[in-house]
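# Geometric and topological summary
What follows is the residue order along each chain.
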Amino acid sequence: MIFYDCSTAPNPRRARMFIAEKGLDIEKRDISIAKGEQMSEEFRTINPQLACPHRVVRFDC
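In this text the structure is predicted, and so the values were computed from the model without any measurement. (Residues numbered from 1 in each chain as written. Predicted model: local features only at pLDDT ≥ 70, side-chain atom pairs only at ≥ 80, totals over all residues. Heavy atoms only, no water.)

### Considering the overall build of the chain
Across its full length, the chain carries 2 helices and 3 strands. Element order for the chain, N to C, with α for helix and β for strand: β-α-β-α-β. When the 61 residues of the chain are sorted by exposure, 26% land in the buried category. (Helix = DSSP H or I, 4+ residues; strand = E, 2+ residues; numbered from the N terminus. Buried < 20%, exposed > 50% of the residue type's maximum accessible area, 1.4 Å probe, protein only.)

Below you can see the structure in the form of structure tokens.
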């Protein structure tokens, strides 16, 4: 799982707290809302709603 995070936004903070409380080891990538990184084409391909936080789940079965 990849967790797209923004350290200054409140909703990703809630998700980080959950992840920490559960002791999960999740790959994290920081997105800067201040710089508009959530509006990039790269981010749009994984999340058309351009929302943060976002997670991508990979099934490597």
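### Some words on the pattern of salt bridges
Here the idea is simple: oppositely charged side chains can pair when their charged atoms come close. In the structure shown here, the tally under the stated rule is 4 salt bridges. In this structure, the salt-bridge partner of Asp-5 is Lys-28, at a minimum N-O distance of 3.6 Å. Separated by 23 residues along the polypeptide, Asp-5 in strand S1 (residues 2–5) and Lys-28 in strand S2 (residues 27–30) bring together distant segments of the chain. Two residues, Glu-41 and Arg-44, come together in a salt bridge whose shortest N-O distance is 3.6 Å. Taken together, the residues Glu-41 and Arg-44, both in helix H2 (residues 41–46) and 3 residues apart, mark about one turn of the helix. Through salt bridges that share partners, Asp-5, Arg-16 and Lys-28 make up one connected network. (Salt bridge = Lys/Arg side-chain N within 4 Å of Asp/Glu carboxyl O.)

### Describing the side chain of Asp-5
Of the residues examined, Asp-5 reaches a relative accessible area of 0% and is grouped as buried. Leaving out residues up to four positions away in the same chain, Asp-5 has contacts with Pro-12, Arg-16, Lys-28, Arg-29, Asp-30, Ile-31 and Cys-52. (Contact = heavy atoms within 4.5 Å.)

### Here we look at the environment of Asp-5
For the pair formed by Asp-5 and Ile-31, sequence separation is 26 residues and the distance between their alpha carbons is 5.7 Å. Within the structure, Asp-5 has its side chain in polar contact with the side chain of Arg-16 (distance 2.7 Å). (Polar contact = N/O pair within 3.5 Å; in protein donor to acceptor, adjacent residues only side chain to side chain.)

### Topic: the confidence of the model for the chain
Counting all residues, the mean pLDDT for the chain is 81, and 85% of those residues have values of 70 or more. Across the chain, the element-wise mean pLDDT spans from 66 in strand S3 (residues 54–56) up to 91 in helix H1 (residues 10–22). (pLDDT = per-residue confidence, 0-100.)

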